[in-house]
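Breakdown of the fold
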Amino acid sequence: MVLGVIGACFVTMFFHGLFHSLVLSEDKKYSFGTKHLMLSYFLCILQASLFVILKEPPFDLSTILTLVIFTALSLSFIVDINVHELPDCMTLITLLCAAGIILLNGYDNYIGELIITPIVCVILFAIAYFTEGFGIGDVKLAVPIMLLIPWVDYLNLYFCMFVPAALYGVSLWVRKKDIHQHFAFGPFMILGFFLTLVGFDPMVFFVH
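Residues numbered from 1 in each chain as written. Predicted model: local features only at pLDDT ≥ 70, side-chain atom pairs only at ≥ 80, totals over all residues. Heavy atoms only, no water.

Notes on the side chain of Thr117
Of note, Thr117 is situated in helix 5 (residues 111–130). Within polar-contact distance, the side chain of Thr117 engages the side chain of Tyr154 at 3.5 Å. Leave out the neighbours within four places in its chain, and Thr117 touches Val143, Met146, Leu147 and Tyr154. (Helix = DSSP H or I, 4+ residues; strand = E, 2+ residues; numbered from the N terminus. Polar contact = N/O pair within 3.5 Å; in protein donor to acceptor, adjacent residues only side chain to side chain. Contact = heavy atoms within 4.5 Å.)

Printed below as a string of structure tokens:
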């Protein structure tokens, strides 16, 4: 277990440095200071550690791709908070890793996700196009997130995304903050994805 956590943290830190220095640094808009850099490293390590501890996955290529996804999403989390934009390069990396995981595990195990994901994303795109409820970057990120979460867990995924986002939106309204300037949905998508991936079930609180 300890060696698995150390190995997972090493992988995420390696790819974090790679993505930050070679990909995000190419666009000054996505650059951030030392404080946020350390926070993104912390998010990488936290996700990797909890994933290994809670799921105990074999240290195979599928797990490595999952850790790379955690790295890309941690960087996207910080960027979206800073500039309210999800970097396409990180979303693309996430999508490619998701495709790799599906191929490694057999696409026939993802039939439900492959059918439902395009339908939901078309709906989200329509909402983003005709309203200001979502950004196009959110719709793009929804593709790999929904592909990697079993369709039977979509209710948990949506709960873990929308409930914290709604609570934060209410807090902005109470404090009379401009929601368009202070609200980014991407971090809540990433939070919901991770919580659902490691098996968090919010329905347990209502049953018990």
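And the narrative resumes.
Here's the deal with the packing of helix 1 (residues 2–22) against helix 3 (residues 61–83)
When two helices pack together, their arrangement is given by the angle between the helix axes and the distance between those axes. In the contact formed by helix 1 and helix 3, the axes pass within 9 Å of each other and the chain directions differ by 50°. What the angle tells us is that helix 1 and helix 3 run oblique. In the crossing of helix 1 with helix 3, the sense of the turn from one axis to the other is right-handed. Facing helix 1, whose interface residues are Ala8, Val11, Thr12, Phe15, His16, Phe19 and His20, helix 3 presents Ile64, Leu67, Val68, Thr71, Ala72 and Leu75. Tallied by class, residues from the contact of helix 1 with helix 3 come to 9 nonpolar, 4 polar and no charged. (Axes fitted to C-alpha atoms, helices over the stretch in contact; angles between N-to-C directions. Parallel < 35°, antiparallel > 145°, perpendicular 65-115°, else oblique. Left-handed = near helix turned anticlockwise from the far one by under 90°. Nonpolar A, V, L, I, M, F, W, Y, C, P; charged D, E, K, R; others polar.)

Comments concerning the side chain of Asp138
Mapped onto the fold, Asp138 is located in helix 6 (residues 136–148). No salt bridge is formed by the buried Asp138; the nearest opposite charge belongs to Lys140, separated by 10 Å. Contact partners of Asp138, with chain neighbours within four places excluded, come to Leu86, Phe185, Gly186 and Met189. (Buried < 20%, exposed > 50% of the residue type's maximum accessible area, 1.4 Å probe, protein only. Lys, Arg positive; Asp, Glu negative; His and termini not counted. Salt bridge = Lys/Arg side-chain N within 4 Å of Asp/Glu carboxyl O.)

Some remarks on the pattern of salt bridges
The full count for this structure, using the stated rule, is 2 salt bridges. Across the pair Lys140 and Asp88 runs a salt bridge, and its minimum N-O distance is 3.2 Å. You can see Lys140 sitting in helix 6 and its partner Asp88 sitting in helix 4 (residues 88–105), a full 52 residues away along the chain.

A look at unusual backbone geometry
Phi is positive for Glu56, close to 50°, though the residue is something other than glycine. With respect to the secondary-structure elements, Glu56 resides in the loop between helix 2 (34–55) and helix 3. Phi at His84 is positive, roughly 55°, even though this residue is not glycine. Along the chain, His84 falls in the loop between helix 3 and helix 4. For His84, a relative accessible area of 30% translates into the label partly exposed.

Looking at the environment of Pro58
By the element assignment, Pro58 lies in the loop between helix 2 and helix 3. Sequence separation of Pro58 and Gly4 is 54 residues, and the distance between their C-alpha atoms is 8.8 Å.

Quick look at the packing of aromatic side chains
Summed over all chains, the structure comprises 10 aromatic pairs. Arranged with centres 5.5 Å apart and planes meeting at 75°, the rings of Phe70 and Phe194 form a pair that is edge-to-face. In this pair, Phe70 is assigned in helix 3 and Phe194 in helix 9 (residues 186–197), connecting sequence segments 124 residues apart. For Phe70, a relative accessible area of 0% translates into the label buried. The exposure class assigned to Phe194 is buried, which follows from its relative accessible area of 9%. One aromatic cluster in this structure is built from Tyr154, Tyr158, Phe162 and Phe185. (Phe/Tyr/Trp six-rings, centres within 6.5 Å; stacked < 30°, edge-to-face > 60°.)

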